[in-house]
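# Working through the structure, step by step
The lines below spell out each chain.
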Amino acid sequence: MSAGIAFERSHSITIAAPPRAVFDYVTNPHSWPEWIAASHQLACENRPLVAGETFVEQWGTQRGEVQLDWVVRTCESPRLWIAETTTTFTGPIVVQYTCEAIDAGTRYTRLVSNPARPKAPTDEMIARIDTEAETALANIKANVERRTR
């Protein structure tokens, strides 16, 4: 049996706000439905989560709704946050958020990886991932900048 195929996708955006504002927004899973179209409902505290905490997300896919049980693996506020879940359809999913202070505010990067996918994503899947990520990052930028004005 194969160990699977490693896959990752990284997307970044510049946000005119301090790293703490960006970090606190994206690491509070209750904000996710505001910027991720597939994220529908979260069960957790309504605040940024730290290492060791868990949360449950209802996620909409082409297959329908699935439940994702997440655990926060790393939290180095306001710089780095990593959370992980496992699915039956793509194996483990790891999200990594980094916030870097720059002259214009914050360079926010979202890295999503599947360290052991059962099979490689198609070109259409990758295009959809990129389009959804661009929309999500634009939503984060708009929401954080509006809140910090």
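The structure under discussion appears in the preceding block.
Calculation criteria
- Residues numbered from 1 in each chain as written.
- Predicted model: local features only at pLDDT ≥ 70, side-chain atom pairs only at ≥ 80, totals over all residues.
- Heavy atoms only, no water.
- Helix = DSSP H or I, 4+ residues; strand = E, 2+ residues; numbered from the N terminus.
- Buried < 20%, exposed > 50% of the residue type's maximum accessible area, 1.4 Å probe, protein only.
- Lys, Arg positive; Asp, Glu negative; His and termini not counted.
- Salt bridge = Lys/Arg side-chain N within 4 Å of Asp/Glu carboxyl O.
- Polar contact = N/O pair within 3.5 Å; in protein donor to acceptor, adjacent residues only side chain to side chain.
- Contact = heavy atoms within 4.5 Å.
- Pairing = 2+ DSSP bridges.
- Axes fitted to C-alpha atoms, helices over the stretch in contact; angles between N-to-C directions.

### Brief notes about the side chain of Glu57
- Within the element layout of this structure, Glu57 appears in strand 3 (residues 54–61).
- Buried within the structure, Glu57 lacks any salt-bridge partner; Arg110 is the closest side chain of opposite charge, at an N-O distance of 7.6 Å.
- Side-chain polar atoms of Glu57 contact the side chain of Ser39, separated by 2.7 Å.
- Residues in contact with Glu57, not counting those within four places in the same chain, are Trp32, Ser39, Gln41, Leu42, Val66, Gln67, Leu68 and Trp70.

### Description of the sheet that holds strand 5 (residues 80–87)
- On the basis of which strands lie adjacent, the open sheet formed by seven strands has the order 1-7-6-5-4-3-2 and antiparallel pairing. Each edge of the sheet is formed by a strand with only one pairing partner; in this case those strands are strand 1 (5–15) and strand 2 (39–43). Strand-to-strand twist in this sheet, taken as the mean axis angle between neighbours without regard to direction, amounts to 20°.
- Bridge count for strand 3 against strand 4 (residues 64–76) is eight bridges, and the pairing is antiparallel. Opposite Gly60, over in strand 4, you have Glu65 as the bridge partner.
- Sheet strands in contact with helix 1 (residues 19–26) are strand 1, strand 4, strand 5, strand 6 (91–102) and strand 7 (105–117), and its direction is about 160° off that of strand 6.
- Across the face of the sheet, helix 3 (residues 123–148) comes into contact with strand 1 and strand 7 while running at roughly 30° to strand 1.

### Thoughts on the pairing of strand 6
- Both strand 5 and strand 6 contribute to a ladder of eight bridges, which runs antiparallel. The residue of strand 6 that forms the bridge with Thr86 is Pro92.
- Hairpin geometry of strand 5 and strand 6 is characterised by an intervening segment of three residues between the two adjacent antiparallel strands.
- Relative to strand 7, strand 6 is paired through nine bridges, and the arrangement is antiparallel. Looking at the pairing, Cys99 lines up with Tyr108 of strand 7.
- Where strand 6 folds back on strand 7, the antiparallel hairpin that results is connected by two residues.

The quantities given are spatial measurements derived from coordinates; they are silent on function.
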